[in-house]
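Listed below are the residues making up each chain.
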Amino acid sequence: EEARQVGAQHDGWVVLTVASGEQLFNTLRPYGAPLRKTSSPETLEAIFRDGTPVVTDLIWGQNAQAYLIAVAVPVVRGGKVVHCLTLNFSPDRLNRLLQRQQLPATWVAAVNDRQRKVVARSVRAAERVGKPVVDWFAAATRTLESGLVAGPLMDGRLGQIAFQRLQTAPWIVALAVPVSELQWGAPIRGFLSVGAILLLF
């Protein structure tokens, strides 16, 4: 019940997992209900190996039957990691955060994970979350921490994308603007918008 209350405060749910991947409880389900194993064994492995918190990429949750993001922390007893505790939440929470920035309708703010998949989006999120980003942008972000790049957007128009890799999560925040809408100083304003979104995260 305490875990359920904590999860609700963050629009999420709480899961406790052992090293084998078995979930001891998941506040999405009644206590004692059958549960599938963890959907992110690589996260579990990192928690038990390193004993440090982990923010995941986008995951398809086997028990939630939906995309989710997890913040995982080790549960330590006697100097040994004995459990993995996660706070999970839907990408919808990040979608709403991006939508609240009230960008022009043709601009797109997005969050992408290490797999170059869309975690959250300010527009058409239902269509794009979980899908890969455009190839040329994926290639650019493999070698750069931040920058301003140009190429065809999802709708075929030429666009500029300002992006920045987060330091506390394995994600990239990006802002895409059609070139036809850019005026002098717009790239600077774009970077400032990315900075504002970064501050919110």
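To be clear, the structure that these remarks concern was listed above.
Quick caveat: nothing in here was measured; it's all calculated off a predicted structure. (Residues numbered from 1 in each chain as written. Predicted model: local features only at pLDDT ≥ 70, side-chain atom pairs only at ≥ 80, totals over all residues. Heavy atoms only, no water.)

K.L.:
Describe the sheet that holds strand 11 (residues 172-178), with residues and values.
P.N.:
Spatially, 5 strands are ordered 8-7-11-10-9 in an open sheet, and the strand pairing comes out antiparallel. In this open sheet, the two edge strands, each paired with only one partner strand, are strand 8 (118-121) and strand 9 (146-152). Averaged over all neighbouring strand pairs, the angle between strand axes comes to 25 degrees, with direction disregarded. Looking at chain direction, strand 7 (residues 108-112) and strand 8 are connected through 3 bridges and run antiparallel. Counted as the bridge partner of Val-111 is Ala-120 from strand 8. (Pairing = 2+ DSSP bridges. Helix = DSSP H or I, 4+ residues; strand = E, 2+ residues; numbered from the N terminus. Axes fitted to C-alpha atoms, helices over the stretch in contact; angles between N-to-C directions.)

K.L.:
Talk me through the pattern of salt bridges; I want residue IDs and the actual numbers.
P.N.:
Under the definition given, this model contains 9 salt bridges. The partner of Glu-145 in a salt bridge is Arg-165, and the shortest N-O contact between them spans 3.3 Å. Residue Glu-145 is located in the loop between helix 5 (135-143) and strand 9, and its partner Arg-165 is located in strand 10 (residues 158-165); the two are separated by 20 residues in the primary sequence. In this structure, a network of salt bridges that share partners links the residues Glu-45, Arg-49 and Asp-50. (Salt bridge = Lys/Arg side-chain N within 4 Å of Asp/Glu carboxyl O.)

K.L.:
Can you break down unusual backbone geometry residue by residue, with the values?
P.N.:
Of note in this structure, Gln-102 is not a glycine but carries a positive phi near 50 degrees. Secondary-structure assignment places Gln-102 in the loop between helix 3 (92-99) and strand 7.

K.L.:
Please give an account of the pairing of strand 10 that cites residues and values.
P.N.:
Alignment of strand 9 against strand 10, held across 7 bridges, turns out to be antiparallel. Paired with Pro-152 across the bridge in strand 10 is Leu-158. Turn length for the strand 9-strand 10 hairpin, with the two strands adjacent in sequence and antiparallel, is 5 residues, and the turn residue Gly-156 shows positive phi of about 95 degrees. Of the pairings in the sheet, the one linking strand 10 to strand 11 comprises 7 bridges and is antiparallel in character. Paired with Gln-164 across the strands is Val-173, a residue of strand 11. Between strand 10 and strand 11, which pair antiparallel in sequence order, lie 6 residues.

So yeah, pure geometry; function would need other evidence.
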